[in-house]
Amino acid sequence: MDKLTLCIPTGRLKDETIVLLSKIPSWPSDFNLNSRKLIFEDLSLPWNIILSHPKDSSTYVEFGAADIGIVGKDILQERGNEVYELCDLQIGICQMVVAGPENLSAAELFGKDSLRIATKYPNITRHYLQEKGLNADILYLYGSIELAPIIRLTDAIIDLVSTGKTLRDNKLKIIEELFPVSARLVANRISIKTKMESIFSFVQQLKGVIGNE
Ligand SMILES: Nc1ncnc2c1ncn2[C@@H]1O[C@H](COP(=O)(O)OP(=O)(O)OP(=O)(O)O)[C@@H](O)[C@H]1O
Ligand SMILES: O=P(O)(O)OC[C@H]1O[C@H](OP(=O)(O)OP(=O)(O)O)[C@H](O)[C@@H]1O
């Protein structure tokens, strides 16, 4: 069987991914991905591994640098990379929401004459506003999005929520839920044909351990 190249995101998904992979029997129990190395091609590994920024995993898979990869549904929606979604890994679970000040109702927010929304997800936000028939200015920010409405830079945000702690600590609340988010296993569209057997075997092994605490 072909040895696959797997793209694992750094950041908060990395640890959960390693927990999942280490439940697969062929994973070497003493293997350590916690260095600054970005490529792992050790003979002891059942797959070659590359580590990418979480926003880039689906791009590496789309362009064939990796056969398969792990990526949040938020990034798949935002970037629209041409990859094949294989399965939900049930890690990195959160929700994409519209959130705003605690005292603001949905009717008040959406009834505003000039609406401004801060987000790390401009494409998702544009699409959402179009679907709702709303006109708004989108303020693209890199992080700490919750800051924008509390200093009244924007009326609301479109961002991820998991525990809700960031919203609560900043006196914000969910105004509307857009879609659930979790990490997905994706495959390159050519590899899925040329390395079908290896990919199928990998998916079967993963499916055996997904959701097992
Ligand atoms: N609060 C959260 N709870 C659960 N999963 C999350 C949460 N925030 C983000 N995620 C998921 O984890 C993925 C990676 O997020 P992470 O915070 O590691 O990186 P990032 O925000 O894209 O990058 P950076 O922190 O460098 O800006 C996201 O694309 C999303 O799918
Ligand atoms: O509901 P919670 O559990 O509080 O999580 C939500 C927060 O997590 C993410 O931010 P992240 O930690 O990635 O930081 P960032 O804003 O700098 O991107 C997201 O953008 C929220 O800010």
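Residues numbered from 1 in each chain as written. Chains lettered and ligands numbered in written order. Predicted model: local features only at pLDDT ≥ 70, side-chain atom pairs only at ≥ 80, totals over all residues. Heavy atoms only, no water.

- Under an unreviewed UniProt entry, the chain has the name ATP phosphoribosyltransferase and belongs to Atribacter laminatus.
- Regarding the chain, the UniProt comment filed under Subunit (unreviewed entry) reads as follows: "Heteromultimer composed of HisG and HisZ subunits."
- According to the UniProt record, the Pathway (unreviewed entry) comment for the chain is "Amino-acid biosynthesis; L-histidine biosynthesis; L-histidine from 5-phospho-alpha-D-ribose 1-diphosphate: step 1/9." (UniProt positions renumbered as here; feature names shortened; annotations may be inferred.)

### Looking at the UniProt feature "domain: ATP phosphoribosyltransferase catalytic" (unreviewed entry) in the chain
Stage number 1. In this structure's numbering, the residues bearing the UniProt feature "domain: ATP phosphoribosyltransferase catalytic" (unreviewed entry) are residues 54-207.
Stage number 2. For residues 54-207, the end-to-end C-alpha separation is 22 Å, with 35% helix and 32% strand making up the annotated structure. (Helix = DSSP H or I, 4+ residues; strand = E, 2+ residues; numbered from the N terminus.)

### Thoughts on the environment of Leu-147
Stage number 1. Along the polypeptide, Leu-147 turns up in helix H6 (residues 147-150).
Stage number 2. Sequence separation between Leu-147 and Gly-11 is 136 residues; the distance between their C-alpha atoms is 21 Å.

### Some details on a nonpolar patch on the surface
Stage number 1. A contiguous nonpolar patch, built from Leu-147, Ile-150, Ile-151 and Leu-153 and spanning about 340 Å² of accessible area, is present on the exposed surface.
Stage number 2. Mapped onto the elements, Ile-151 comes out in the loop between H6 and strand S9 (156-161).
Stage number 3. Looking at Ile-151, the relative accessible area reads 53%, which means it is exposed. (Patch = residues over 30% accessible without salt bridge, like charges linked within 9 Å, V, L, I, M, F, W, Y side chains within 5 Å. Areas by Shrake-Rupley, 256 points an atom, 1.4 Å probe, with all protein chains shown as cover. Salt bridge = Lys/Arg side-chain N within 4 Å of Asp/Glu carboxyl O. Buried < 20%, exposed > 50% of the residue type's maximum accessible area, 1.4 Å probe, protein only.)

### Quick word on the sheet that holds S9
Stage number 1. One open sheet holds the five strands; their spatial order is S8-S7-S9-S6-S10, and the pairing between them is mixed. Looking along the sheet, the strands with just one partner apiece sit at the ends: strand S8 (136-140) and strand S10 (172-181). Sheet twist, expressed as the mean angle between neighbouring strand axes with direction ignored, is 25°.
Stage number 2. Direction of pairing for strand S6 (residues 94-101) relative to S10: antiparallel, over a ladder of eight bridges. Opposite Gln-95, over in S10, you have Pro-180 as the bridge partner.
Stage number 3. Across the sheet, helix H5 (residues 122-132) lies against S6, strand S7 (115-119), S8, S9 and S10, angled at about 170° from S8, the strand it touches most. (Pairing = 2+ DSSP bridges. Axes fitted to C-alpha atoms, helices over the stretch in contact; angles between N-to-C directions. Contact = heavy atoms within 4.5 Å.)

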